[in-house]
Amino acid sequence: MDYSLSQDQLNSIEEVLQKGLMELGIHCVVLIDMAGNIVANLDNGNVEYDIYSLAALAAGNFGAVSAIAQMIGEEEFSLLFHKGEKESIHFSKVLADFLLITIFGHETSLGFLRLKVAESIEMIEKILES
Amino acid sequence: MNNDCIGRDFSMAFVNVKKKEVQVKIVYYGPGRGGKTTNLEYVYSKFGEQIKTDLIAIKTQGDRTLFFDFLPFDMGKILGYDIKVQLYTVPGQVKYNATRKLVLRGVDGVVFVADSLKERERKNLVSLKNLQENLASHKKNIFKIPLVLQYNKRDLAELGIPVLPLETLEKRLNSKLKVPSFEASALAGTNVVATLKKIMLLTMNSIEKQLK
Amino acid sequence: MDKKEDALAEEVQSRLKDLFGEKEEAPTSMEDERISVPMEEEETPASGENSVAPEDSPITGLKTAILSIDWEISDELLNVLIEEIDKLENRYKDDKDLLLFLQLLGSVGKYIKKRKVNAHPGAIKVLNSVYNSLEEVLVSESITEAEKREKLLVQVEEFKKLKEKIALKKTDTPKKKDAAVQAERRPTEETREESSEDMSSMTPQEALAYALSEIRQVIRDEFKALKGELKK
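Criteria and cut-off values
- Residue indices follow the written sequence of each chain, beginning from 1 at its first position.
- All chains are assigned letters beginning with A, and all ligands numbers beginning with 1, in the order in which they are written.
- Local features are withheld for residues below a pLDDT of 70 in this predicted model, meaning they are given only at 70 or higher, and side-chain atom pairs are given and counted only at 80 or more; totals for whole chains, interfaces and linings count all residues.
- Each helix is a run of H or I in the DSSP string that is no shorter than four residues. Each strand is a run of E no shorter than two, and both are numbered from the N terminus.
- Placing a C-beta atom from the backbone of each residue, one calls two residues in contact when those atoms lie within 7 Å.
- Backbone-placed C-beta atoms define the burial measure: a residue is buried with 20 or more other C-beta atoms within 10 Å of its own, exposed with 12 or fewer, and partly exposed in between.
- At least two bridges found by DSSP between two strands are what make those strands a pair.
- Comment: axis = line fitted to C-alpha atoms, over the contacting stretch for helices; angle = value between 0 and 180 degrees taken between N-to-C directions.
- Per-residue confidence from the predictor is reported as pLDDT, a score between 0 and 100.
- Helix span, expected: 1.5 Å multiplied by one less than the number of residues in the helix.
- Fitting axes to the seven residues that end at a residue and to the seven that start at it, the angle between those axes gives the bend at that residue.
- Throughout this entry, Asp, Glu, Lys and Arg are counted as charged residues, while Ala, Val, Leu, Ile, Met, Phe, Trp, Tyr, Cys and Pro are counted as nonpolar. The remaining residues, Gly among them, count as polar.

K.L.:
Looking at this structure, how should I read the overall build of chain C?
P.N.:
Of the regular secondary structure elements, chain C holds eight helices and one strand. Seen in sequence order, chain C has helices and strands lined up from the N terminus as α-β-α-α-α-α-α-α-α. If you take every contact in chain C between residues at least 6 apart in sequence, the share linking residues at least 24 apart comes to 52%.

Okay, structure coming up:
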């Protein structure tokens, strides 16, 4: 899993995250690789998450859940989402090596977020592949 | 006991050119109950204030590592880059191999914590072989990755518990690898920091090319 | 080791020294300082947090559809929603207020179906809000006509606000200048046809019903103002 991203690519990715997701009103978005490294992250200024630990756990979690999916004969799960009282978190794979994590409150509808995430991922994948 | 290693290929740590940040992943590997988590706990307990982050441990009810332990810290700026170090341990029990593989993903440096107890001799070998295989599955070579050996639980000898002599451990585990090694007692903290310093030095050396 | 490596090694060593120093005292207890991450996670869907309706209620199908959309917005699910609304419109065709509730729902549902990822995020909120209000009305045994009307008008208000937001959104993206924008901008006091592509066209009956409700609102407001005047 070797890759390198240029400044331009990183800038473009941040733009996608800002316009497509942050402007929706979500609290925090993090793009990581499957080793748990942070590629890009944005938040609404009101949160103070330890995103480094979060990234490590998310990568581990996603990896574990993917392995489980395979075990039960699934290629992968289409929804990885944890609902909290105030904050919820959604994970979505980007290509084979990345993970998009969104953290949002109950003012955001999951259904709508998923549409936006799918759209953003399409754009990010183009940037990553360029 | 200290050997300088020669001729290691450079590692591919995660470099964020935009943020001028490097994330270095170091994994503590070894047989179950060998002292991997204890190493991290010691580092955290001693330097928690400087480190300023929490040690995250995902454990079973029996206090064995289930998923991984994780301790991130900032090393500050080196060569203009912010160096962020991430220490991980893996669960040592044989049944958690899938997890170990996961955690090894993207690793830049490894500390192999060997158990000096005589009865664990075989487990050390099995675990080392397992490390080699899991590294290979990520297209990494155990002979090339920054690696330090730690022979843990040396203090048990004083309590009359049979431990393997150093020469035996070196012969069994390090004759081909020829990497730096330390006698240690993670519980007491002996050489825990020295081990960590060494692996960080080796890892930083190996990623130097990327930073330039 | 060449000079370059020396320089790096030195820098690393000094950084390590700063971090870890030379102290070698015995470790202190750290039992309380670890974060133990619990291993349980729930993924159970929000199974009717505002659940009011009993299971055999006529509104169950609609409720299920609304809850599904909370989780996933797709043509399939939206079609189910619209079908359920149609069914209920048929069932309650003689109840003007209920009909209006359902028409609001249908309008928003069709809008979301049409615009999908480009829909205004507020649309989902309005959908849920209208549904919840409708559920309260249907389930309550003691609700009066006036209270029903009251709730309906609140939802109409929400609907109107959403339309305004959508219009604003459209003016930000100049590429979409359809009739809808013009329709949105007309003054709200007039009785008008809801011909907006945006909200997908209402039938003349729907438009009339909607207009009637608007008229009612205006009359109420006038009445209130008049009462106020008379008190002086």
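From this point, the discussion proceeds with the structure in view.
K.L.:
Where do I start with unusual backbone geometry in this structure?
P.N.:
Phi is mostly negative for residues that are not glycine, and the peptide bonds are mostly trans. Residues and elements named next belong to chain B. For K20, which is not glycine, the phi dihedral falls at a positive 55°. Note that K20 resides in the loop between β1 (14–16) and β2 (21–29). Note on K20: 13 C-beta atoms within 10 Å, which makes it partly exposed. Positive phi is not limited to glycine here, since K178 has a value of about 55°. You can see K178 is positioned in the loop between α4 (166–174) and β8 (181–183). Residue classification places K178 among the partly exposed positions, given that 14 C-beta atoms sit within 10 Å.

K.L.:
What should I look at first to understand the pairing of strand β3 (residues 55–59) of chain B in this one?
P.N.:
Residues in a regular strand project their side chains so that they alternate between the two faces of the sheet. All names here are of chain B. The element β3 is extensively covered by neighbouring structure, given that four of its five residues are classed as buried. One ladder, built from three bridges, connects β3 with strand β4 (residues 65–78); its direction is antiparallel. The residue of β4 that forms the bridge with K59 is T65.

K.L.:
Please clarify how the environment of B:L40 should be interpreted in this entry.
P.N.:
Residues and elements named next belong to chain B. Among the secondary structure elements, L40 is positioned in helix α1 (residues 36–51). Sequence separation between L40 and T89 is 49 residues, and the spatial gap between their C-alpha atoms is 7.9 Å. Not counting residues within four places of it along the chain, the set of residues in contact with L40 comprises Y28, L55, D69, L71, L87 and T89.

K.L.:
What's the story with the sheet that holds strand β5 (residues 98–105) of chain A in this structure? I'm lost.
P.N.:
The pairing of strands in a sheet comes from backbone hydrogen bonds and takes either a parallel or an antiparallel form. Residue and element names in this part refer to chain A. Here we have five strands laid out as an open sheet, ordered β2-β1-β5-β4-β3, and antiparallel in their pairing. Edge positions in the sheet fall to β2 (38–43) and β3 (80–82), since each of these pairs with one other strand and no more. When the angles between neighbouring strand axes are averaged without regard to direction, this sheet yields 10°. Bridge count between strand β1 (residues 28–33) and β2: five bridges; the pairing is antiparallel. Opposite L31, over in β2, you have A40 as the bridge partner. With respect to the sheet, helix α1 (residues 7–20) is in contact with β1 and β2, its orientation differing from that of β2 by roughly 35°. On top of the sheet, helix α2 (residues 51–71) reaches β1, β2, β3, β4 (87–94) and β5; it is set at about 60° to β1, its chief contact.

K.L.:
Got a minute to help me understand the confidence of the model for chain B in this structure?
P.N.:
Atom-level detail of predicted coordinates should not be read off regions where pLDDT is low. In this model, chain B carries an average pLDDT of 86, and 92% of its residues clear a pLDDT of 70 or more. A low-confidence stretch, residues 1–11 of chain B (pLDDT under 50), is modelled with 24 contacts involving residues beyond four sequence positions or located in other chains.

K.L.:
When you look at the environment of A:H90 in this model, what are you seeing that I'm missing?
P.N.:
Residue and element names in this part refer to chain A. Take H90: it is sitting in strand β4. Distance in space between the C-alpha atoms of H90 and F104 is 8.4 Å, their sequence separation being 14 residues. The residues contacting H90, other than those within four sequence positions of it, are F81, T102, L113 and V117.

K.L.:
Is there a simple way to explain α1(B) in this structure?
P.N.:
Since there are 3.6 residues in each turn of an α-helix, residues three or four apart along the chain are aligned in direction. Residues and elements named next belong to chain B. The end-to-end C-alpha separation of α1 is 19 Å, well short of the 22 Å expected for 16 residues at 1.5 Å each. At S45, α1 shows its strongest bend, of approximately 55°. Taken together, the buried positions of α1 are K36, T37, T38, N39, L40, E41, Y42, V43, Y44 and K46.

K.L.:
It is not clear to me how the interface of chain B and chain A should be interpreted in this structure. Could you clarify?
P.N.:
Note on interface size: it is often stated as the accessible area lost on association of the parts. At the junction of the two partners, chain B supplies 19 residues and chain A supplies 17 residues. If you list the elements that add at least two residues to the side of chain B that touches chain A, you get β2, β4, β5 (81–89) and α2 (97–104) of chain B. When residues of the side of chain B that touches chain A are assigned to their parent elements, the largest contribution, four residues, is made by β4(B). The residue inventory of the side of chain B that touches chain A, partitioned by class, reads 11 nonpolar, four polar and four charged.

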